[in-house]
Amino acid sequence: MSIDALILEFDRALRTLAASATTVRPVPGNDIPDCALDAEERRHVVGLMRVNHCGEVCAQALYQGQALTSRDPEVRDALRKAADEETEHLAWTERRIAELGGRTSVLNPLWYLGSLSIGVAAGLLGDKWNLGFLAETERQVEAHLDSHLALLPENDAKSRAIVEQMRLDEINHAEMATRYGAADLPQPVRLGMRTTAKVMTGLSYRV
């Protein structure tokens, strides 16, 4: 990889971790009036949205690592496009956390580094396994977002609109990976991914 490419990837990492993300699409629920939440509800919603923001930081790193080691230019382009949508998710969740008076996770740099390493390793295994890892990740994220829709207060329509649109995007990303030839991951790998996600979720909800 050229020096210019390395600088570009380093800049991408810095922007993910240190800069405010931007969005091209309107923020879901932007025109919905905010609701009244008590202190416990607000703390809970901030925790859930912090987990979602952390997940999007991981997605950025994962896609970056996968694109770096993908052998197929078409697959690399598809990964970059999906990463752009994940950047919008970063912007949406970051904004909602700020509206609720919360903060993003202090563990984001750690999660980013771990996810980048996993993405690079997945790409090195070949594009069908690379895409298989992506598809399984997005299916698990979809299930995770479904659980958040059940946990969010019914009257918090702004947060729910963000999570619902994120869920639709993740479904599209999984379908994209399948179209490009994603392999089915072995059951032990899928279980390991779920276990890792549970640890990350528990920690990010609190810090």
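Structure shown above.
Residues numbered from 1 in each chain as written. Predicted model: local features only at pLDDT ≥ 70, side-chain atom pairs only at ≥ 80, totals over all residues. Heavy atoms only, no water.

## Considering the overall build of the protein chain
Line of reasoning, step 1. Looking only at helices and strands, the protein chain features 7 helices and 0 strands.
Line of reasoning, step 2. Along the protein chain, helices (α) and strands (β) appear in the sequence α-α-α-α-α-α-α when read from the amino end.
Line of reasoning, step 3. Taking 2.2 N^0.38 as the reference for a compact globule, 207 residues should give roughly 17 Å; the C-alpha atoms of the protein chain span a radius of gyration of 17 Å, in line with that estimate.
Line of reasoning, step 4. Pairs at least 24 residues apart make up 87% of the contacts formed inside the protein chain by residues separated by at least 6 positions.
Line of reasoning, step 5. Taken together, the 23 basic and 30 acidic charged side chains of the protein chain have centroids lying 4 Å from each other. (Helix = DSSP H or I, 4+ residues; strand = E, 2+ residues; numbered from the N terminus. Rg over C-alpha atoms; globule rule 2.2 N^0.38 Å. Contact = heavy atoms within 4.5 Å. Lys, Arg positive; Asp, Glu negative; His and termini not counted. Charge placed at Lys NZ, Arg CZ, Asp CG, Glu CD.)

## Focus on the side chain of His44
Line of reasoning, step 1. Note that His44 resides in helix α2 (residues 39-69).
Line of reasoning, step 2. Among the polar contacts listed, one links the side chain of His44 to the backbone oxygen of Leu151, at a separation of 3.3 Å.
Line of reasoning, step 3. In terms of polar contacts, His44 uses its side chain to reach the side chain of Tyr205, at 2.7 Å.
Line of reasoning, step 4. Dropping the residues within four chain positions of it, His44 is found in contact with Leu151 and Tyr205. (Polar contact = N/O pair within 3.5 Å; in protein donor to acceptor, adjacent residues only side chain to side chain.)

## As for the nonpolar core
General note: in soluble globular proteins, nonpolar side chains tend to be found buried as a group.
Line of reasoning, step 1. Val45, Met49, Trp92, Ile162 and Val163 are the most contacted members of the largest nonpolar core, which has 17 residues in total.
Line of reasoning, step 2. Among the elements of the structure, α2, α3 (73-99), α5 (127-151) and α6 (157-179) are those that each provide at least two residues to this core.
Line of reasoning, step 3. Considering every element that reaches this core, the biggest residue donor is α2, with 4 residues. (Core = buried A, V, L, I, M, F, W, Y, C linked by side-chain atoms within 4.5 Å. Buried < 20%, exposed > 50% of the residue type's maximum accessible area, 1.4 Å probe, protein only.)

## Digging into the environment of Leu79
Line of reasoning, step 1. On the secondary structure map, Leu79 appears in helix α3.
Line of reasoning, step 2. A C-alpha to C-alpha distance of 22 Å links Leu79 and Glu94, two positions 15 residues apart in sequence.
Line of reasoning, step 3. Excluding residues within four positions of it along the chain, Leu79 makes contact with Tyr63, Gln66, Ala67, Ser70, Asn130 and Leu134.

## Quick word on a nonpolar patch on the surface
Line of reasoning, step 1. A grouping of Val106, Val199, Leu203 and Val207 is seen on the molecular surface, where their side chains present a nonpolar patch of about 300 Å² in accessible area.
Line of reasoning, step 2. If you trace the backbone, Val207 turns up in the segment after α7 (187-206).
Line of reasoning, step 3. Residue class for Val207 comes out partly exposed when judged on its relative accessible area of 31%. (Patch = residues over 30% accessible without salt bridge, like charges linked within 9 Å, V, L, I, M, F, W, Y side chains within 5 Å. Areas by Shrake-Rupley, 256 points an atom, 1.4 Å probe, with all protein chains shown as cover. Salt bridge = Lys/Arg side-chain N within 4 Å of Asp/Glu carboxyl O.)

## Some words on the state of the cysteines
Line of reasoning, step 1. Inspection of the entire model under this criterion finds 0 disulfides.
Line of reasoning, step 2. Here Cys58 is not cross-linked by a disulfide; its sulfur's nearest cysteine counterpart is in Cys54, at 4.5 Å.
Line of reasoning, step 3. Residue classification places Cys58 among the buried positions, given a relative accessible area of 10%. (Disulfide = S-S within 2.5 Å.)

## Brief notes about the side chain of Ser159
Line of reasoning, step 1. In this fold, Ser159 is placed in helix α6.
Line of reasoning, step 2. Its relative accessible area of 0% is what places Ser159 among the buried residues.
Line of reasoning, step 3. Side-chain polar atoms of Ser159 contact the side chain of Arg96, separated by 2.8 Å.
Line of reasoning, step 4. Sequence-distant contacts of Ser159, that is, excluding residues within four places in its chain, are made with Val45, Met49, Arg96 and Leu152.

## Brief notes about α6
Line of reasoning, step 1. When the terminal C-alpha atoms of α6 are compared, their 33 Å separation across 23 residues agrees well with the 33 Å that a helix rising 1.5 Å per residue should span.
Line of reasoning, step 2. Residue Gly181 follows α6 closely and has a positive phi angle near 105°. (Expected span 1.5 Å × (residues − 1).)

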